[in-house]
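Structural overview for review
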Amino acid sequence: MAEHDRPDLIERHGRQERLQHWVVALLFLLAAASGMALFHPALFWLAAVLGGGTWSVILHPFVGLAMALVFARFAAPQWGDNRLLPNDRVWLERLREVIEGRDEHLPEVGKYNAGQKVLYFVMVACVAVLALTGLAIWRRYFAGGLPVGVVRAAALLHALAAFVLVLGAVVHVAAALWVKGAVGAMTRGTVTIGWAWKHHRAWFRQMIRPTGGR
Amino acid sequence: MPLQSLDIVRRSATTTPSPMARAAAEVAVAKLIDTSKCIGCKACQTACMEWNDLRDEVGSCAGTYDNPRDLTDQSWTVMRFSEYENPKGDLEWLIRKDGCMHCADPGCLKACPSPGAIVQYANGIVDFHEEHCIGCGYCVAGCPFDVPRISKKDGKAYKCTLCSDRVAVGLEPACVKTCPTGAITFGTKEQLQHDAAERIVDLKSRGYEQAGLYDPAGVGGTHVMYVLHHADQPALYSGLPVAPRVSPVVRLWKGAAKPLALGAIALAAIAGLLNYVRVGAKEVDPADEAAAEREKEKAHG
Ligand code: HEM
Ligand code: SF4
């Protein structure tokens with residue numbers, strides 16, 4: 001079901017996956033901006049993104065929940081591709097080479113490299129924690145019914161998970177901008193065969209099999 | 001509401017100094033509530049409603065004198081009644097006027113994320129400026145005394161102001177003005193500590209060995225203090241906290257975590273950018289495409 005008919009391209013992300021990805025990205029930016037505005041006074045100006053402090057407080061939980069739901073639909077089918085394999089260990093041990101951009105010293109990579117896989121599970125965990133703790137500190141509906149100790153712990157955990165997720169997103173965006181062709185994979189849906197060969201060789205081999213991938 | 005006649009020394013979610021050019025010599029004020037003189041008449045509750053234009057819903061009787069049963073956005077002070085059977089087998093009726101304690105180290109202000117929504121005046125009063133309140137409810141989580149309440153009407157936080165508007169023009173709080181037994185007094189904190197000490201000597205001489213002043217050090221002392229007949233057991237007074245303090249969880253959340261997290265995020269972004277320009281973009285060159293092409297042909301060949 002390729003959306004293209006060029007032999008030098010390989011499909012990496014389908015139409016629905018791409019849509020989901022960018023909806024999550026947009027909702028993440030809105031949730032992170034309105035949330036971080038409350039986290040540190042130096043970032044309070046970010047509340048303007050959703051129309052000020054009060055609007056941020058009103059909208060943030062709904063935006064966050066929407067993000068969590070779309071993220072769940074987006075991430076669930078990718079679980080299998082992100083399973084950690086023995087080679088991933090080697091990849092992670094050679095992180096130095098990754099940062100230096102010396103791919104020739106790295107083991108062959110499937111659809112996702114070990115860094116992407118770890119980030120995937122970190123993000124899944126963070127979103128789950130954010131959703132649970134976010135409900136717990138939602139003053140309008142739930143926080144009043146919980147012991148104050150639970151609300152305090154949830155607030156701290158919510159901030160912690162948000163911190164890790166934002167940090168993860170920074171790494172994610174930096175990597176996507178660094179590796180040319182990656183953004184195209186999520187906008188056009190395709191990569192060149194050279195790109196697949198260079199960055200995800202095991203996946204490349206799988207995709208060029210006459211049977212056409214999986 | 002902001003009162004220019006009261007100097008602000010601390011504002012929530014603000015990293016720059018508060019206005020401090022004026023040199024008014026402001027002394028710490030306080031309210032002293034002598035539980036041993038309180039008769040539970042609730043005149044103070046009524047005065048609070050009247051002065052602050054508050055009208056709570058008429059509730060139902062829960063089998064106790066507590067009415068309303070809890071603090072609300074419309075009830076900034078509530079009398080809490082408890083029946084205590086002392087070791088001698090006598091019944092004691094312990095009545096405590098509950099409300100904001102006006103902590104010297106207020107957990108509400110520490111937790112509040114909205115700049116200037118919670119302030120502390122130079123005289124020690126902690127005040128909510130509702131026009132800056134964004135309704136997140138963090139003050140509720142921050143307060144060690146479970147005092148702030150979010151209004152269902154406007155989603156903003158309310159609590160006792162210690163009648164900052166009256167104090168600013170030299171009047172005593174409405175509850176103090178109305179108390180018929182003199183159980184509530186208002187003055188400088190120093191004077192009231194002195195008055196309390198005298199009263200405690202008196203109480204001790206009348207058999208209340210453990211009488212004492214409640215001015216908990218865990219929150220830096222409070223600007224609402226109690227004289228208790230049983231200062232060794234504050235919990236007898238409808239769960240008055242024995243050793244209140246701003247929760248360590250709140251301290252971490254609104255303390256060290258903030259600069260550390262922000263710093264780490266900024267560092268990650270800068271490191272990513274620097275590595276990009278240091279190593280250069282990872283590009284796929286024609287040789288890679290050619291290699292891929294060869295391998296593909298072989299696979300199909
Ligand atoms: C998954 C559903 C989510 C829910 C239900 C939720 C709910 C909440 C609530 C109720 C608050 C308190 C302030 C307010 O009422 O607005 C809050 C704060 C916050 N949220 Fe969320 N949120 C969610 C997701 C997210 C996401 C995806 C992020 C992205 C980074 C995030 C970051 C934050 C931050 C940084 C704060 C401020 C924490 C602090 O003040 O320390 N939240 N959230
Ligand atoms: S008693 Fe609660 S609301 Fe009052 S100053 Fe202390 S922390 Fe703030």
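In what follows, the structure referred to is the one given above.
Treat the numbers as computed from the prediction; the structure is a model and nothing was measured.

**Topic: the overall build of chain A**
For chain A, the count of helices and strands is nine helices and two strands. Its C-alpha atoms put chain A at 60 × 35 × 30 Å along the principal axes. For chain A, the residues scored as buried account for 46% of the 214 residues in total. For chain A, contacts bridging at least 24 residues in sequence account for 66% of all contacts bridging at least 6. As displayed, chain A offers around 11000 Å² of accessible surface, 69% of which is attributable to carbon and sulfur atoms. Positive and negative side-chain charges of chain A, numbering 22 and 13 respectively, have mean locations separated by a distance of 8 Å.

**Re the overall build of chain B**
Of the regular secondary structure elements, chain B holds nine helices and 11 strands. Its C-alpha atoms give chain B a radius of gyration of 28 Å, clearly above 19 Å, the size a compact globule of 301 residues would have. Counting only C-alpha atoms and orienting by the principal axes, one finds that chain B spans roughly 105 × 50 × 40 Å. Counting every position in chain B, which comprises 301 residues, the buried fraction comes to 48%. The contacts in chain B between residues at least 6 apart in sequence include a share of 61% that link residues at least 24 apart. Of the accessible surface of chain B, which amounts to about 14500 Å², a share of 56% is contributed by carbon and sulfur atoms.

**Quick notes on the sheet that holds strand β1 (residues 8–11) of chain B**
Residues and elements named next belong to chain B. What the three strands build is an open sheet, ordered β1-β5-β6; its pairing is antiparallel. Whereas interior strands pair on both sides, the edge strands pair on one side only; in this sheet they are β1 and β6 (126–128). Strand after strand, the sheet turns through a mean of 30 degrees between neighbouring axes, direction not considered. As paired elements, β1 and strand β5 (residues 118–121) share three bridges and run antiparallel to each other. Bridging across to β5, isoleucine 8 finds its partner in tyrosine 121.

**Remarks on the interface of chain B and chain A**
Between chain B and chain A, the residue contacts involve 53 residues of the former and 45 residues of the latter. Note on chain B versus chain A: buried area summed over both sides is about 4200 Å², and carbon and sulfur give 68% of it. At the junction of chain B and chain A, the tally comes to four salt bridges. As a salt-bridge pair, Asp288(B) and Lys198(A) come within 3.5 Å of each other at their nearest N and O atoms. Our count for the contact surface shared by chain B and chain A stands at 18 residue pairs in polar contact (both at pLDDT 80 or more). Broken down by secondary-structure element, the contributors of at least two residues to the side of chain B that touches chain A are α3 (138–142), α7 (248–253), α8 (257–279) and α9 (286–300) of chain B.

**Description of the site of ligand 1**
Around ligand 1 sit 28 residues, and of these Gly35(A), His60(A), His158(A), Tyr138(B) and Trp253(B) come closest. Neighbouring residues of ligand 1 are not confined to one chain but are distributed across chains A and B. At a separation of 3.2 Å, an oxygen atom of ligand 1 approaches a polar side-chain atom of Lys254(B). For the shell around ligand 1, the secondary structure elements donating two or more residues are α1 (15–39), α2 (53–75), α5 (114–136) and α6 (148–178) of chain A. For the shell around ligand 1, the leading source of residues is α2(A), giving eight residues. Broken down by class, the residue content of the shell around ligand 1 amounts to 21 nonpolar, six polar and one charged.

**Section: the site of ligand 2**
Neighbouring ligand 2 are 13 residues; Cys100(B), Met101(B), Cys103(B), Cys108(B) and Cys143(B) lie closest to it. Its residues placed into classes, the shell around ligand 2 shows 10 nonpolar, two polar and one charged.

**A word on the coordination of the iron atom of ligand 1**
All names here are of chain A. For the iron atom of ligand 1, the protein coordination sphere consists of His60 (NE2) and His158 (NE2), at 2.0 Å. Given six donor atoms and angles of 84 to 179 degrees at the metal, the environment of the iron atom of ligand 1 is assigned as octahedral. Of this pair, histidine 60 sits in helix α2 while histidine 158 sits in helix α6, and the two are 98 residues apart along the sequence. Relative accessible area serves as the criterion here: at 18%, histidine 60 is assigned to the buried category.

**A short note on the sheet that holds strand β2 (residues 29–34) of chain B**
Think of a sheet as strands paired side by side through backbone hydrogen bonds, with each pair either parallel or antiparallel. All names here are of chain B. The mixed open sheet is built from four strands, whose spatial order is β9-β2-β11-β10. A strand with exactly one partner marks an edge of an open sheet, and here the two such strands are β9 (184–188) and β10 (212–214). Across the sheet, the axes of successive neighbouring strands diverge by a mean angle of 25 degrees, strand direction being ignored. Examined bridge by bridge, β2 and β9 share five bridges and lie antiparallel to one another. Across the sheet, residue alanine 30 finds its bridge partner in β9, namely glycine 187. Across the sheet, helix α6 (residues 189–205) lies against β2, β9, β10 and β11 (224–228), angled at about 135 degrees from β9, the strand it touches most.

**Examining the side chain of Thr35(B)**
Along the chain, Thr35(B) falls in the loop between β2 and α1 (43–52). Not counting chain neighbours up to four residues away, the residues in contact with Thr35(B) comprise Ile95(B), Tyr226(B), Val227(B), Leu228(B), His229(B) and Tyr237(B).

**Description of the pairing of strand β4 (residues 91–98) of chain B**
All names here are of chain B. Within β4, six of the eight residues are buried, which leaves it mostly tucked inside the rest of the structure. Where strand β3 (residues 78–85) and β4 come together, eight bridges link them in antiparallel fashion. For tyrosine 84, the partnering residue across the bridge sits in β4 and is glutamate 92. What sits between β3 and β4 in their antiparallel hairpin is a turn of five residues, with glycine 89 showing a positive phi close to 90 degrees.

**Quick word on α2(A)**
Because an α-helix completes one turn every 3.6 residues, residues spaced three or four positions apart along the sequence face the same direction. When the terminal C-alpha atoms of α2(A) are compared, their 31 Å separation across 23 residues agrees well with the 33 Å that a helix rising 1.5 Å per residue should span. Taken as a whole, α2(A) carries its principal kink of about 40 degrees at Leu59(A); the proline Pro61(A) stands between one and four residues after it.

**Considerations on the state of the cysteines**
Counted according to the given criterion, the structure contains zero disulfides over all chains. There is no disulfide at Cys136(B), and the cysteine sulfur nearest it, in Cys112(B), is 6.1 Å away.

Rules and cut-offs
Residues numbered from 1 in each chain as written. Chains lettered and ligands numbered in written order. Predicted model: local features only at pLDDT ≥ 70, side-chain atom pairs only at ≥ 80, totals over all residues. Heavy atoms only, no water. Helix = DSSP H or I, 4+ residues; strand = E, 2+ residues; numbered from the N terminus. Buried < 20%, exposed > 50% of the residue type's maximum accessible area, 1.4 Å probe, protein only. Contact = heavy atoms within 4.5 Å. Areas by Shrake-Rupley, 256 points an atom, 1.4 Å probe, with all protein chains shown as cover. Lys, Arg positive; Asp, Glu negative; His and termini not counted. Charge placed at Lys NZ, Arg CZ, Asp CG, Glu CD. Rg over C-alpha atoms; globule rule 2.2 N^0.38 Å. Pairing = 2+ DSSP bridges. Axes fitted to C-alpha atoms, helices over the stretch in contact; angles between N-to-C directions. Buried area = accessible area lost by both parts, 1.4 Å probe. Salt bridge = Lys/Arg side-chain N within 4 Å of Asp/Glu carboxyl O. Polar contact = N/O pair within 3.5 Å; in protein donor to acceptor, adjacent residues only side chain to side chain. Near = heavy atom within 4 Å. Nonpolar A, V, L, I, M, F, W, Y, C, P; charged D, E, K, R; others polar. Donors = N, O, S within 2.8 Å, 3.2 Å for Na, K, Ca; no water. Tetrahedral: all angles 85-135°; square planar, octahedral: opposite > 155°, others 65-115°. Expected span 1.5 Å × (residues − 1). Bend = angle between axes of the 7 residues up to and from the residue. Disulfide = S-S within 2.5 Å.

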